[in-house]
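# Overview (structure and organization)
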Amino acid sequence: MCYGQMRSASKKVTMSSLLCSKKHKHVSDAQDMYAGKQCVVRTNKVAPVIIKDCREEFQQFLEISEPIIHGSLAEGMLEHPLIKGKYFIVQDFNDVKDTLQTYRLTSAPNFHQASSDQPIFASGQPTVNGLGKVLTHLMSDSHTQILLLNLRSEPILFQRVDDDYVPYSVRHQENIHNMVMMGDTKDSCDHIESCIRKEIVSLAGIEDEFVFYFYDNLDKLQQEPHIRKVEFEEDILLSNEVYAREAFSNPSLRYDRICLPEMGIPTEDLVDQFLSHFRESPAYLDKNNPAFPAVYLISHSGGRRSAIMMVMSCLIYAHKKGTLVKESSHIINPKHPNYNDGEYQAVQKLVNHLTDGNLIKQQVDSVIDECSQVINLRTCIIDHKKKLEAAAFKRMQTDSFVEHVHAGCLSALETYCFLITFNAYLRDQMPNNLSWSYNKWLHRNPEVIRLCSQLDFSELSSPPSLLSSQHRVLVYDDYIGLDVLSSQMDIKVSNFRRLMGLPIYGMAQPTRKGLSKVVNHLLHHKQGYSNVIVVNLRSDYVLEVDETSYSVRDMSNLAEPIHSQCSSGKDLEEMEQKLKKELRSKKVWKAYKEITSPAVDIEVTSVFTPEELYEQQRLSTLDMHYRRLPLQYDHCLNEQEFDEIQDLILSFMKESGSWVDNSHAFVFHCRTGKSRTSLTMAVAGLLFYHMTGFPYGANPDEQERVSCPNARYTKGEYLVVEKLIWMLPDGHQVKREVDLVLDRLFETMSPMHFHLREVIFVVFNKGKSTTGAAKRYMNRLSYDFLERYLYLILYNAYLHMEKSGHFQRSFTRWMTEVAAPAGVYELLDNLGFFTLESSPSEFSRLKNRILDRQQKLPFSGVFV
């Protein structure tokens, strides 16, 4: 199919090139007659045909693999070809509110400058002429160097309208008011724009008039679409052509495209791309040099994306000039936070973690206010918070509007936390001329990544009345198939087991009878311990109702208990007391014995929280001790959780002989006795073996040889693991000792098929054979298991190095001070099954793994 015709100017042709290879006499005569004239001789068997005043014609034939689909924006409107069969081309200004009324003067909506006379400017998308006006204005204000940054990740095309080129964006026919995001790097965005332009020119070539269809005003559809001539590629300009040509003709102008997402924050790579423009010109960072470019930022409307980069630019400028406040005048009161000042739980935790966190936050607040002509990035959070809580108050939890506002609220809070983090980076690195990249700085401060990924603490304020309204329900902890180790018959607790040779035990959630049985078994029967320490690892709400243990679950996800993120044992107990009070408010409640069966009525006579359950047992067993150590996730521990497990054990093992006299038994339990319990038993086992000595099997010549398919992977010999053991002192031995503990742990629980090392490869393979949401979940789970294995190896390396100092340095400090400079977090932030998959998944990044682990529950309560 012909997609357009390119006609050259008239010119003489060489006749010999136009004749048949077999020449006849009448052909030669005609050749002589019309020599030097603009004509072409065509022959047939009868006579020569002379065509005068001809031009050569070149045709470009493009193959379209997809059918050309026509569509209209609304019923009764003109149908025309669609880009990729589903996209319209709509003028960019349709969704822009020109709050500052600058478009008439500059052809750039919302053109503004940060206050305090900082050379930072921003606007919505200008036309080509508008861009020229703005640049002329900046140069006339004596800005000798200009840094022009295009912040758009959506494809933008400039179409000739009258004497200007006007920006147009791509819109999906099902959501015409939202721009289509297609690229995440400068090169990919430029390439996509080029492909769209070629398709427009090709589709226009189908029409004899070479026209295409553009929408200028979605509010006046009776005048749409506008049919405009598009015959050559020059009729439409790409973003790169518009900006790069300005930079080419103006040596004082530097241009770059930083593809910010419409929602969310810049990635580490995008931040470093932005910072590279300052690193490349050291004078911009030198406090003794006045040089600094005028930074001009262009986004769709001059709103959110421009504001983020304005604040970042102003922070750099203010650090260079020394104009930021030097002392904090306000300390956050955690009991009475001021949400108008952005004092949310996530912000409080971040500020508390950062050195001079309150001052860093206050500096960001002042700069945000200086860049708030179009949007204030801090008050944006409170606006979303008010909408969200109003919707939740009306019990609209299932409404998509609530989900949309909730996502917007989290996005606004994420932006605020990012800017605080970025200022902390500048405060640390500006004296060194930003010698560390932002990415490297984050890897040296990994807790910042976690804190900025855990933003939603609304569960802390969820009302217990959700039980009465049946948005949440009680579900039996016990279920068919839970007790795979068949320990209920003897101990009255599911999955009770021991780590071979050590006073370390694990089990599922016990009831009163089960707890009594376990404690008496360990204190008075075969084992004969003098103290039993029971450690509850659950981070979800637990209640025992009439000697049956229940967890609280949301109706939107009956399969999983509700986990209260980042809550302490005290926080959980307080909520469980409130839930207990709610249960006491009426006699009969609905509960699920099996989530696959309908709910049944249960009559409530007695209710105990876990704390009360264990206090009751202590009345008859003074040698039993209870601790609640809630772990955030089933399959991974963070550094602080390793420290908490270690500190708990060391607090009971203060006597030098206590490690070998078997006086203390540690019993860990979660809901099922599997994931969290097994992982904690492995951590405790490593600590015990370091204090008592590793048994036979931990040395190279004592290892059992494995000969089976894929033994390399079931032994945990992935490339990323190998990189870690190359990095660690005596790394092979460190891994070997971890493998010994995992193998010994598995020997007592093999019916579970839950080997903490071998499950990595098993789950990875399962993921390859599944599809959809299940495939994504299994993929993330395999990365979680791989991360867990790496952390166990790192923890064992820590024990080797810090044992002589009696563990005075915590694992968290060791990871920051020793492991991080060695590059461990670069490894953890770039995980992958490199020999098993063509490219790492999104879960190779630490932040993406943290975000995906978090429960997705309907919003309720208060956004805190």
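Residues numbered from 1 in each chain as written. Predicted model: local features only at pLDDT ≥ 70, side-chain atom pairs only at ≥ 80, totals over all residues. Heavy atoms only, no water.

## So, the overall build of the protein chain
Helix and strand content of the protein chain: 27 helices and 29 strands. The principal-axis extent of the C-alpha atoms belonging to the protein chain is close to 125 × 70 × 60 Å. In the protein chain, which comprises 864 residues, the proportion classed as buried is 56%. Taking all contacts inside the protein chain whose residues are at least 6 apart in sequence as the whole, residues at least 24 apart take part in 72%. Entry remark: accessible area of the protein chain is about 38,300 Å², with carbon and sulfur atoms responsible for 51%. Here the protein chain contributes 96 positive and 109 negative side-chain charges, whose respective centroids are spaced 2 Å apart. (Helix = DSSP H or I, 4+ residues; strand = E, 2+ residues; numbered from the N terminus. Buried < 20%, exposed > 50% of the residue type's maximum accessible area, 1.4 Å probe, protein only. Contact = heavy atoms within 4.5 Å. Areas by Shrake-Rupley, 256 points an atom, 1.4 Å probe, with all protein chains shown as cover. Lys, Arg positive; Asp, Glu negative; His and termini not counted. Charge placed at Lys NZ, Arg CZ, Asp CG, Glu CD.)

## Digging into the packing of aromatic side chains
Evaluation of the coordinates by the stated rule reveals 44 aromatic pairs. Taken together, a centroid distance of 4.9 Å and an interplanar angle of 70° make the contact between Phe-292 and Tyr-317 edge-to-face. A residue pair is termed long-range when its members are at least 10 positions apart, and Phe-292 in the loop between helix H6 (268-279) and strand S18 (294-298) and Tyr-317 in helix H7 (residues 304-321) qualify at 25 residues. Residues Phe-292 and Tyr-317 agree in their burial class; the two are buried. A connected cluster of aromatic rings, assembled from ring pairs, spans Phe-642, Tyr-791, Tyr-795, Tyr-798, Phe-807, Phe-811 and Trp-814. (Phe/Tyr/Trp six-rings, centres within 6.5 Å; stacked < 30°, edge-to-face > 60°.)

## Some remarks on the pattern of salt bridges
One side chain can pair with another of opposite charge once the charged atoms of both are near each other. Per the stated rule, a full pass over the model turns up 52 salt bridges. A salt bridge links Arg-171 to Asp-95; its shortest N-O distance comes to 2.5 Å. On the criterion of sequence distance, the pair formed by Arg-171 in strand S12 (residues 164-172) and Asp-95 in the loop between strand S7 (87-91) and helix H2 (103-106) is long-range, its members being 76 residues apart. Judged by relative accessible area, Arg-171 falls into the buried class, the value being 0%. You can call Asp-95 partly exposed: its relative accessible area is 29%. The partner of Asp-365 in a salt bridge is Lys-361, and the shortest N-O contact between them spans 2.9 Å. (Salt bridge = Lys/Arg side-chain N within 4 Å of Asp/Glu carboxyl O.)

## Details of the confidence of the model for the protein chain
Mean pLDDT over the protein chain: 88, with 90% of residues reaching 70 or higher. In this model, residues 1-42 is a region of pLDDT below 50 whose contacts with residues beyond four sequence positions or in other chains number 76 contacts. (pLDDT = per-residue confidence, 0-100.)

## A short note on the sheet that holds strand S19 (residues 472-476)
Strand order across the open sheet formed by six strands is S26-S25-S19-S24-S23-S27, with mixed pairing between neighbours. The two strands at the open ends of the sheet, each matched to only one other strand, are strand S26 (600-603) and strand S27 (607-608). Packed onto the sheet, helix H16 (residues 569-583) meets S19, strand S23 (542-545), strand S24 (548-554), strand S25 (588-592) and S27 and runs at close to 35° relative to S23. (Pairing = 2+ DSSP bridges. Axes fitted to C-alpha atoms, helices over the stretch in contact; angles between N-to-C directions.)

## Brief notes about the domain arrangement of the protein chain
Domain boundaries in the protein chain define domain 1 (70-260), domain 2 (324-455) and domain 3 (464-853). If you average the C-alpha positions of domain 1 and of domain 2, the two centres end up 32 Å apart. Across the contact, eight residues belong to domain 1 and four residues belong to domain 2. In total, domain 1 and domain 2 occlude about 520 Å² of area from one another, counting both sides; carbon and sulfur atoms represent 51% of this. On inspection of domain 1 and its partner domain 2, the count reaches zero salt bridges. (Domains from an automatic or database assignment. Buried area = accessible area lost by both parts, 1.4 Å probe.)

## A word on the sheet that holds strand S10 (residues 146-152)
With mixed pairing, five strands are arranged side by side in an open sheet as S8-S9-S18-S10-S17. Only two strands of the sheet have a single neighbouring strand rather than two, namely strand S8 (112-113) and strand S17 (253-260). Here helix H3 (residues 128-140) sits on the sheet and contacts strand S9 (120-123), S10, S17 and S18; the angle it forms with S18, its principal contact strand, is near 160°. Packing of helix H5 (residues 239-249) onto the sheet brings it into contact with S10, S17 and S18, and relative to S17 it is tilted by some 155°.

## Brief notes about the nonpolar core
One finds Phe-274, Ile-316 and Phe-422 to be the most contacted residues of the largest nonpolar core, which totals 80 residues. A per-element tally of this core places helix H11 (residues 400-429) first, with 14 residues. Look past the residues within four positions of Phe-422 in its chain and what remains in contact with it is Val-271, Phe-274, Leu-275, Met-312, Leu-315, Ile-316 and Tyr-438. (Core = buried A, V, L, I, M, F, W, Y, C linked by side-chain atoms within 4.5 Å.)

## Section: the state of the cysteines
The full count for this structure, using the stated rule, is zero disulfides. The thiol of Cys-417 is unpaired, and the distance to the nearest cysteine sulfur, on Cys-452, comes to 5.3 Å. In this structure Cys-636 is a free cysteine whose sulfur lies 14 Å from that of Cys-670, the closest cysteine sulfur available. (Disulfide = S-S within 2.5 Å.)

## Focus: the environment of Asp-428
Checked against the element boundaries, Asp-428 lands in helix H11. Sequence separation between Asp-428 and Gln-363 is 65 residues; the distance between their C-alpha atoms is 14 Å.

## Quick notes on the side chain of Asn-796
In this fold, Asn-796 is placed in helix H24 (residues 772-802). Taking the relative accessible area as the measure of exposure, Asn-796 reaches 0% and is therefore buried. A polar contact is formed between the side chain of Asn-796 and the side chain of His-690, at a distance of 2.6 Å. With sequence-adjacent residues up to four places away left out, Asn-796 is seen in contact with Leu-686, His-690, Phe-694, Val-734, Glu-737 and Val-738. (Polar contact = N/O pair within 3.5 Å; in protein donor to acceptor, adjacent residues only side chain to side chain.)

## A word on the packing of helix H4 (residues 186-206) against H5
The geometry of a pair of packed helices is captured by two quantities: the angle between their axes and the separation between those axes. Closest axis-to-axis distance for the H4/H5 pair is 9 Å, and the angle between their directions is 120°. For the element pair H4 / H5, the angle class is oblique. Residues Lys-186, Asp-190, Glu-193 and Arg-197 of H4 touch H5, and the partners they reach there are Ser-239, Asn-240 and Glu-241. For the contact of H4 with H5, a count of residues per class yields no nonpolar, two polar and five charged. (Parallel < 35°, antiparallel > 145°, perpendicular 65-115°, else oblique. Nonpolar A, V, L, I, M, F, W, Y, C, P; charged D, E, K, R; others polar.)

## Quick notes on the packing of helix H18 (residues 639-652) against H24
Two numbers describe how H18 lies on H24: the axes approach to 12 Å, and their chain directions differ by 50°. When the axis of H18 is compared with that of H24, the two are oblique. Handedness of the crossing formed by H18 with H24: right-handed. Contact residues: H18 offers Glu-639, Phe-642 and Gln-646, while H24 offers Tyr-791, Leu-792, Tyr-795, Tyr-798 and Leu-799. Looking at side-chain class alone, the contact of H18 with H24 contains six nonpolar, one polar and one charged residues. (Left-handed = near helix turned anticlockwise from the far one by under 90°.)

## Comments concerning the pairing of S23
A two-sided burial pattern is seen for S23, the buried positions comprising Val-542 and Glu-544 on one face and Leu-543 and Val-545 on the other. In the sheet, S23 pairs with S24 via four bridges, with the strands oriented antiparallel. Each bridged residue has a counterpart across the sheet, and for Leu-543 the counterpart in S24 is Tyr-550. Inspection of the sheet shows S23 paired to S27 by two bridges, in the antiparallel sense. Bridge pairing in S27 places Val-545 opposite Val-607.

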